[in-house]
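# Geometric and topological summary
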Amino acid sequence: MTAEIEGNDDVALAGKLRSGLGHVRTELARRIVGQEEALDQVLLTLLVGGNSIITGVPGLAKTLIVHTMAQTLDLKFSRIQFTPDLMPSDITGTDIIQEDAEGRRSLVFAPGPVFANVVLADEINRTPPKTQAALLEAMQERRVTVQGKTFTLAPPFFVFATQNPIELEGTYPLPEAQLDRFMFDIVIDHLPEDQEMEVIRRTTVIDTVSFTPTLGAADIVQFQKLVRRVPVADDVIRYAVRLVRMTRPGEASALDFVKNWVEYGASVRAAQYLVLGGKARALMHGHAHVGFDDIR
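Here is a short report on the structure shown in this document. Just so we're clear, the structure is a prediction, and the values are computed from it rather than from any experiment. (Residues numbered from 1 in each chain as written. Predicted model: local features only at pLDDT ≥ 70, side-chain atom pairs only at ≥ 80, totals over all residues. Heavy atoms only, no water.)

### Details of the side chain of Asn 164
By secondary structure assignment, the location of Asn 164 is in the loop between strand E8 (158-163) and helix H7 (176-179). Here Asn 164 falls in the buried class, since its relative accessible area comes to 8%. Excluding residues within four positions of it along the chain, Asn 164 makes contact with Gly 56, Val 57, Pro 58 and Asn 125. (Helix = DSSP H or I, 4+ residues; strand = E, 2+ residues; numbered from the N terminus. Buried < 20%, exposed > 50% of the residue type's maximum accessible area, 1.4 Å probe, protein only. Contact = heavy atoms within 4.5 Å.)

### A word on the environment of Asn 260
If you trace the backbone, Asn 260 turns up in helix H11 (residues 256-261). Linking Asn 260 and Pro 249, residues 11 residues apart in sequence, is a C-alpha distance of 7.8 Å.

### Side note on the pattern of salt bridges
Inspection of every chain in the model, using the stated rule, returns 13 salt bridges. Close ionic contact of Asp 180 with Arg 269 constitutes a salt bridge, the shortest N to O distance being 2.5 Å. Here Asp 180, found in the loop between H7 and strand E9 (184-187), pairs with Arg 269, found in helix H12 (residues 268-284); they are 89 residues apart in sequence, far enough to count as distant. Using a relative accessible area of 24% as the deciding quantity, one classes Asp 180 as partly exposed. Across the salt bridge formed by Arg 281 and Asp 294, the nearest N and O atoms sit 2.7 Å from each other. With Arg 281 in helix H12 and Asp 294 in helix H13 (residues 292-295), this residue pair connects regions lying 13 residues apart in the sequence. Residue Arg 281 is classed as partly exposed on the basis of its relative accessible area of 27%. Residue Asp 294 is classed as buried on the basis of its relative accessible area of 8%. (Salt bridge = Lys/Arg side-chain N within 4 Å of Asp/Glu carboxyl O.)

### Quick word on the packing of aromatic side chains
Tallying each qualifying case throughout the model produces four aromatic pairs. Ring centres of Phe 115 and Phe 151 lie 6.4 Å apart, and the angle between their planes is 80°; on these two criteria the pair is classed as edge-to-face. Taken together, the positions of Phe 115 in the loop between strand E4 (105-111) and strand E5 (118-122) and Phe 151 in strand E7 (residues 149-152) put the pair 36 residues apart, joining distant regions of the chain. Residue Phe 115 is classed as buried on the basis of its relative accessible area, which comes to 19%. Through pairs of rings, three or more aromatic residues link up here, namely Phe 109, Phe 115 and Phe 151. (Phe/Tyr/Trp six-rings, centres within 6.5 Å; stacked < 30°, edge-to-face > 60°.)

Have a look at this one:
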């Protein structure tokens, strides 16, 4: 085993995690119809402390899921609409000239929308790579550097990006270095007919839903630390590593279609996210350690 949950405190915290997430699911269901798998992946992203892309055609509540999640957890939410003319400083913030009561001027840093707990990068592929890259440091290091000064982002911090898979005109592919920093590509599809009818019922009346958060930022930070203490056997780690290595065409174990169609394969981050996601899933299901099913 590479980690261990021990003591009454960890056991109690694991119980709080499961009961708290149960409440979050109940609150989400008051506004979000269906999409259980997508919601599970959003919750796993939160527990791991990662970032994820949400892919789906317009009108499938991609933005609503992220915003509602932030509301139910009482986290500071920020939405950035990515457009071709968006500049890096529109995301990170910039120094502005400010004049005091005595007429003296000085440069003061005005934080951008990245200074939040949950940042929604809406239609991230509609802005050039130069602006997309403004999120790289925040996503990996949880900090922002502007004009040589570094500012630490308050934990917890997550980036959820959305993409429209059917409209590619006027879009820019995400740099590989940025794609590598996303844990999941959460694919959202159309709902079954009965659930779509329920969506229409809810959205064609006055929305009176209000949320009562039972978890907050401090709880999420505690849960993220607890996730890393979940034990995982070397055999399970090896299973995750081998899955990732099989995506690389240079590996002897790679399948023929990988060797024919894949140029590079997944990086080490993929195995890290598989194991961390497995740890989070084990906690969510009340398991004492990570199993092969959690990785799958």
